[in-house]
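What follows is each chain in one-letter form.
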Amino acid sequence: MKKLHIVSNRLPFSIVSEDDKFLLKPSVGGLATGMKSVYKDFEGRWIGWPGIATDSYTVDQFKEIEGLLDKEGCDTVPLTADEVHTFYEGFCNRTIWPLFHYFNQYVDYSPEFWESYVEVNQKFADKTLEVVEDGDFVWVHDYQLMLVPGMLKAKRPDITIGFFLHIPFPSYEVFRILPWRNELLGGLLGADLIGFHTYDYERHFLSSVRRLFGYEISFNQIHIDERIILADAFPMGIDYDKFHDSAIKTISRPMQEKSTLHKELEKYFLVSPDRKLILSIDRLDYSKGIPNRLRAFEKFLEKFPEYRTKVTLVMLAVPSRNSVPQYQRLKREVDELVGRINGLYGTVNYAPVWYFYRSMPFENLVELYSMSDVALLTPVRDGMNLVAKEYVASRTNQTGVMIISEMTGVVKEMGEAIVINPNHESQVADAIKQALEMPIDEQRARMSVIQKRLKRYDVFKWAEQFVSSLKRIAQIQTDFLAK
Ligand code: ADP
Ligand code: F6P
């Protein structure tokens, strides 16, 4: 029977070492959290890196790691510390990530990073080739593995390959800056179906293909010799019911069974019932616009003094890529900004910003989503932003207001939210006031429309549509060759 295998750098679980033992910890990030909900429905394996360098374990311990991941249906691609440095921290996160998020000034063009990217992509391709059987489908994910489709197609033209990009595809004027632009595009064109979160990213990709390679493109089909390649937009959804049902349970739990976090949040409201919470949740990444969010919140407290002591920003940031210098600098900048705002506007029993620099269990995330009056998400660039969708799904009584950056992929599905330019501090400050003062009826009217849309197109539907397009293109290709 034909199987569908997933290939991505991050697996749904990362290995962490605690007290000389290896444990599985759920991975954070849109790719891992989204695909984790669907991958068990496919008859196939998930091939990826376990999140820990080979230098941190012995050969016997590697067997233990492989065993743990095997139980979860995953196959391991081990990476050395050197590869983690030059591939993951290097070409992935110091070259492609900043370039595709329009941070040109951060891009590192070191050729050794590129060489490592080619070698490590080959490792992932080789591992996949060990697993695939005749006629199988392979679904490769994200910018870390853009050469893998080409490497697979070169060896196994019989398998059908899908690729999904979880980050923006930048405009041609930005993409062309990269010295290895042709190699990356060539790698992607090994896939039969190439998916993006939005139509704009798809358009940018097709424009790069046209200008760099001059291939014939009709509508969204690329024709190369005997091959037809399809590019399409598939906005990724979330496991809507999981968040919604869990939020219902959270709210109805008796006091003695509530978590410590929940009890602490309730105490906050006890002091004064008209207090409000604003929530933000992200990986600590410069693309997420955390400093501009803090400055906008500071401006809000300065502009509207009546809200001081009445509104708290709960800011949850999960540590990410902290060996990369820009992430270290961002961490220092955020620490300083939080300190400054709390120093300026804090009192003995009021802290304007509650800042948590850690990952949180699912239950706590849902508690935060369901207890916060406003979600404030201000990325300066974001492929999608699943956090926005998770907030909406957790609002069981349809109240709550979403303030969302126009630079995200998710904004296309959130026309009813308050949409802001994240670089316009005073506009964001006004949006916070508007959100806090929005009448309940209006909140419900806006929220219920977004909820219906997100429930209908959840992560299962997203995966189903991608896979059925993959099957369709396989059929189109077969019919074309038979003519
Ligand atoms: P990205 O893929 O760039 O990290 P997304 O918003 O699309 O951004 O996805 C982030 C995912 O990681 C969400 O599913 C979110 O719930 C999860 N996440 C983010 N921050 C935390 C945190 N501090 N603790 C636990 N999970 C988190
Ligand atoms: O969703 C975008 C993404 O870059 C994924 O590819 C990645 O797994 C996730 O964010 C988190 O980043 P990282 O894998 O570097 O921790």
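Residues numbered from 1 in each chain as written. Chains lettered and ligands numbered in written order. Predicted model: local features only at pLDDT ≥ 70, side-chain atom pairs only at ≥ 80, totals over all residues.

- As recorded in an unreviewed UniProt entry, the protein goes by Trehalose 6-phosphate synthase/phosphatase and comes from Marinilabilia salmonicolor.

## Observations concerning the overall build of the protein
Then step 1. Per the secondary structure count, the protein includes 17 helices and 17 strands.
Then step 2. Radius of gyration (C-alpha) of the protein: 23 Å, near the 23 Å computed for a compact globule of 483 residues.
Then step 3. Its C-alpha atoms give the protein principal-axis dimensions of about 70 × 55 × 45 Å.
Then step 4. Expressed as a percentage of the 483 residues in the protein, the buried residues total 48%.
Then step 5. Put simply, 77% of the contacts in the protein that link residues at least 6 apart link residues at least 24 apart. (Helix = DSSP H or I, 4+ residues; strand = E, 2+ residues; numbered from the N terminus. Rg over C-alpha atoms; globule rule 2.2 N^0.38 Å. Buried ≥ 20, exposed ≤ 12 C-beta atoms within 10 Å, placed from the backbone. Contact = placed C-beta atoms within 7 Å.)

## Some points on the site of ligand 1
Then step 1. Around ligand 1 lies a shell of 17 residues, among which Gly 30, Thr 33, Val 318, Ser 359 and Leu 386 are the nearest.
Then step 2. Those elements that place two or more of their residues in the shell around ligand 1 are α1 (30-38), β12 (276-283), β13 (311-318) and α14 (386-393).
Then step 3. Looking at the shell around ligand 1 residue by residue, the class counts come to nine nonpolar, five polar and three charged. (Near = placed C-beta within 6 Å. Nonpolar A, V, L, I, M, F, W, Y, C, P; charged D, E, K, R; others polar.)

## Considerations on the packing of α14 against helix α16 (residues 440-456)
Then step 1. Axis separation between α14 and α16 bottoms out at 9 Å; the angle between their running directions is 115°. The orientation of α14 relative to α16 falls into the category roughly perpendicular. Remark: the crossing between α14 and α16 carries left-handed chirality. Each of Lys 389, Val 392 and Ala 393 in α14 lies in contact with α16, whose residues at this interface are Met 447, Ile 450, Gln 451 and Leu 454.
Then step 2. Of the residues that constitute the contact of α14 with α16, the class distribution is five nonpolar, one polar and one charged. (Axes fitted to C-alpha atoms, helices over the stretch in contact; angles between N-to-C directions. Parallel < 35°, antiparallel > 145°, perpendicular 65-115°, else oblique. Left-handed = near helix turned anticlockwise from the far one by under 90°.)

## Section: the sheet that holds strand β16 (residues 401-405)
Then step 1. Taken together, the six strands give an open sheet; going across it, the order is β14-β13-β12-β15-β16-β17, and neighbouring strands pair in parallel fashion. Two strands close off the open sheet at either side, each with one partner strand: β14 (353-357) and β17 (418-420). Taken pair by pair, the neighbouring strands of this sheet meet at an average axis angle of 20°, ignoring direction.
Then step 2. With five bridges connecting them, β13 and β14 associate as parallel partners. Of the residues in β14, the one forming a bridge with Ala 317 is Tyr 357. (Pairing = 2+ DSSP bridges.)

## Side note on α14
Then step 1. Of all eight residues in α14, eight are buried, a share of seventy percent or more.
Then step 2. Leu 386, Val 387, Ala 388, Lys 389, Glu 390, Tyr 391, Val 392 and Ala 393 are the residues of α14 that are buried.

## Here's the deal with the environment of Leu 277
Then step 1. Its place among the elements puts Leu 277 in strand β12.
Then step 2. The residues touching Leu 277, leaving out its near neighbours within four places in the chain, are Thr 312, Val 314, Met 371, Ser 372 and Asp 373.

## Concerning the pairing of strand β1 (residues 4-10)
Then step 1. Judged by how many residues are buried, β1 sits mostly within the fold: seven of seven residues are covered.
Then step 2. Relative to strand β4 (residues 46-49), β1 runs parallel, the two sharing three bridges. Each bridged residue has a counterpart across the sheet, and for Ile 6 the counterpart in β4 is Trp 46.

## Some points on the packing of helix α9 (residues 240-252) against helix α13 (residues 362-371)
Any two packed helices are characterised by the angle at which their axes cross and by the distance between the axes.
Then step 1. Two elements in contact, α9 and α13, have axes separated by 9 Å at closest approach and are oriented at 80°. Comparing the axis directions of α9 and α13 gives the class roughly perpendicular. The segment α9 lies against α13, with Phe 243, Ser 246, Ala 247, Thr 250 and Ile 251 engaging Val 366, Glu 367, Tyr 369 and Ser 370.

## Some points on the nonpolar core
Then step 1. Judged by nonpolar contacts, the single largest core of 140 residues is most densely connected at Ala 388, Met 402, Ile 403 and Ile 432.
Then step 2. Per-element accounting of this core gives the leading share, nine residues, to helix α3 (residues 81-100).
Then step 3. Excluding its chain neighbours within four sequence positions, the residues that come into contact with Ala 388 are Ala 375, Leu 377, Met 402, Ile 404, Val 410 and Met 414. (Core = buried A, V, L, I, M, F, W, Y, C linked by C-beta atoms within 7 Å.)

## Observations concerning the sheet that holds strand β7 (residues 160-164)
Then step 1. With respect to topology, nine strands assemble into an open sheet ordered β5-β4-β1-β6-β7-β8-β11-β10-β9, the strand pairing being mixed. Across the chains shown, the open sheet's two edge strands, defined by having one partner strand only, are β5 (74-76) and β9 (216-218). Taking the axes of each pair of neighbouring strands and ignoring which way they run, one obtains an average angle of 20° across the sheet.
Then step 2. This element, helix α8 (residues 199-213), spans β8 (193-196), β9, β10 (221-224) and β11 (227-233) of the sheet and lies at about 150° to β11.

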